[in-house]
Amino acid sequence: MSTSETNSNIDRYAVIGNPIEHSKSPDIHLLFADQTGERLSYEKILTDKDNFSQVVTNFFTNGGKGMNVTVPFKNDACEFVDELTEYAKHAGAVNTIYKNESGNFIGANTDGIGLLRDLKKILRLQLLNKKILVIGAGGATQGIVEPLLNENPSELIIANRTVSKAEAITEQFKSFGKISSCSLTEIPKHSFDLVVHATSAGLQGNNVELPVEIIGLNTCCYDLSYSDQDTPFMQWAKNHNAGKVVDGFGMLLEQAAEAFYLWRGKRPDTGMAYHYFRPDVAQKPHL
Ligand code: ATR
């Protein structure tokens, strides 16, 4: 295993956020480095909104090669960089920063690709002509809508407590596919193939009340957040016998792997990484 040593011969990477202590990104990237034979260090950086730009600039000035950005700075990172990838531009959010050969800061968003890879590769879920419901209309939702619509689902509904925010996202992405919005109380009472929970309610210990009719025998309920225990949404979905119930740890690994690829040009083995971090779950993946 590579270490988190920092010296002048080693390429430096970091994740920046607030809070940041809980982040699993250093462990994940050091495992990827070990898998691919790359030598690098990876730190956690805590900052605040006022200092974000300066801290990122200093990191790269002092030999930093790449950065992951997490809550609450994904929009700040979008403003900070010189150029955006298409996904980052449409999402208005950046989770990966690096410099190109001209020295310009590039901002990418690998969250949506991460979710899709996890759904397809590990869950073997194809989304063509499927019904998708996304709960929540914040930054997390903005990062996943375009890649989901690119799979041509028969419908994608964004349901949110504040319906105007769901409507704004619908308006923004309507040219990418069949998307509509509603309030939490207007969610259609039929089963969906995929229900993605993308609110931050769980972080404050709150649960979002949802109609049980959205769950059918084959419904995959996916919580974008991750935790060693089931989230309130996962508990709810299991109580109503959803076909598959998973948290966002697979997506976390996949978005990290895509960032690693952008930085190092090598693709880590995320299946092996999943077994490494979740040895108990890996025997019965996600069920
Ligand atoms: P993130 O970047 O994690 O998406 P965010 O942009 O602050 O965070 O968005 C949080 C999302 O969780 C929003 O959709 C928010 O609903 P509102 O737009 O109505 O604020 C949703 N959310 C947070 N707490 C919630 C709760 N208790 N019940 C329902 N939705 C909640």
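From a predicted model like this one, the values you see are computed outputs, not experimental measurements.

1. Notes on the pattern of salt bridges
If you walk through the whole model with that rule in mind, you get 15 salt bridges. The residue Glu86 makes a salt bridge to Lys89 at a minimum N-O spacing of 3.2 Å. Highlighted residues: Glu86 and Lys89, both in helix H4 (residues 86-91), separated by 3 residues, approximately one helical turn. The partly exposed category is assigned to Lys89, whose relative accessible area is 46%. Glu171 serves as the salt-bridge partner of Lys174, at 2.7 Å between the closest nitrogen and oxygen. Salt bridges sharing partners connect three or more residues here, namely Asp11, Glu38, Arg264 and Lys266.

2. Digging into the packing of helix H6 (residues 139-149) against helix H7 (residues 163-173)
Close contact between H6 and H7 brings their axes to 11 Å; oriented N to C, the two are set at 40°. In terms of orientation, H6 lies oblique with respect to H7. Both H6 and H7 take part in a crossing whose hand is right-handed. In this structure, H6 uses Thr141, Gln142, Val145, Glu146 and Leu149 to contact H7, whose residues at the interface are Ile169, Gln172 and Phe173. Residue composition of the contact of H6 with H7, grouped by class: 4 nonpolar, 3 polar and 1 charged.

3. Some thoughts on the site of the ligand
If you check the shell around the ligand, you find 15 residues, and the closest are Ala137, Asn160, Arg161, Thr162 and Lys165. Backbone polar atom of Ala140 to an oxygen atom of the ligand: 2.9 Å apart, as the coordinates give it. Protein chains bury 75% of the 650 Å² of accessible surface belonging to the ligand in isolation. Class assignment for the residues of the shell around the ligand results in 4 nonpolar, 9 polar and 2 charged.

4. A short note on the side chain of Ser23
With respect to the helices, strands and loops of the structure, Ser23 is situated in the loop between strand E1 (11-17) and helix H1 (25-36). With a relative accessible area of 10%, Ser23 lands in the buried category. With near-sequence residues (within four places) excluded, Ser23 lies in contact with Val15 and Lys44.

5. Notes on the domain arrangement of the protein
Domain assignment breaks the protein into domain 1 (3-110 + 250-272) and domain 2 (112-248). In this structure, domain 1 and domain 2 have C-alpha centres spaced 26 Å apart. Between domain 1 and domain 2, the buried area comes to about 1600 Å², and carbon and sulfur atoms account for 53% of it. Scanning the region where domain 1 abuts domain 2 turns up 2 salt bridges. Inspection of the domain 1/domain 2 interface yields 13 residue pairs in polar contact (both at pLDDT 80 or more). Among the secondary structure elements, those contributing two or more residues to the side of domain 1 that touches domain 2 are H4 and helix H9 (249-264). At 6 residues, the largest contribution of residues to the side of domain 1 that touches domain 2 is made by H9. Its residues placed into classes, the side of domain 1 that touches domain 2 shows 4 nonpolar, 7 polar and 5 charged.

About the thresholds
- Residues numbered from 1 in each chain as written.
- Predicted model: local features only at pLDDT ≥ 70, side-chain atom pairs only at ≥ 80, totals over all residues.
- Heavy atoms only, no water.
- Salt bridge = Lys/Arg side-chain N within 4 Å of Asp/Glu carboxyl O.
- Helix = DSSP H or I, 4+ residues; strand = E, 2+ residues; numbered from the N terminus.
- Buried < 20%, exposed > 50% of the residue type's maximum accessible area, 1.4 Å probe, protein only.
- Axes fitted to C-alpha atoms, helices over the stretch in contact; angles between N-to-C directions.
- Parallel < 35°, antiparallel > 145°, perpendicular 65-115°, else oblique.
- Left-handed = near helix turned anticlockwise from the far one by under 90°.
- Contact = heavy atoms within 4.5 Å.
- Nonpolar A, V, L, I, M, F, W, Y, C, P; charged D, E, K, R; others polar.
- Near = heavy atom within 4 Å.
- Polar contact = N/O pair within 3.5 Å; in protein donor to acceptor, adjacent residues only side chain to side chain.
- Areas by Shrake-Rupley, 256 points an atom, 1.4 Å probe, with all protein chains shown as cover.
- Domains from an automatic or database assignment.
- Buried area = accessible area lost by both parts, 1.4 Å probe.

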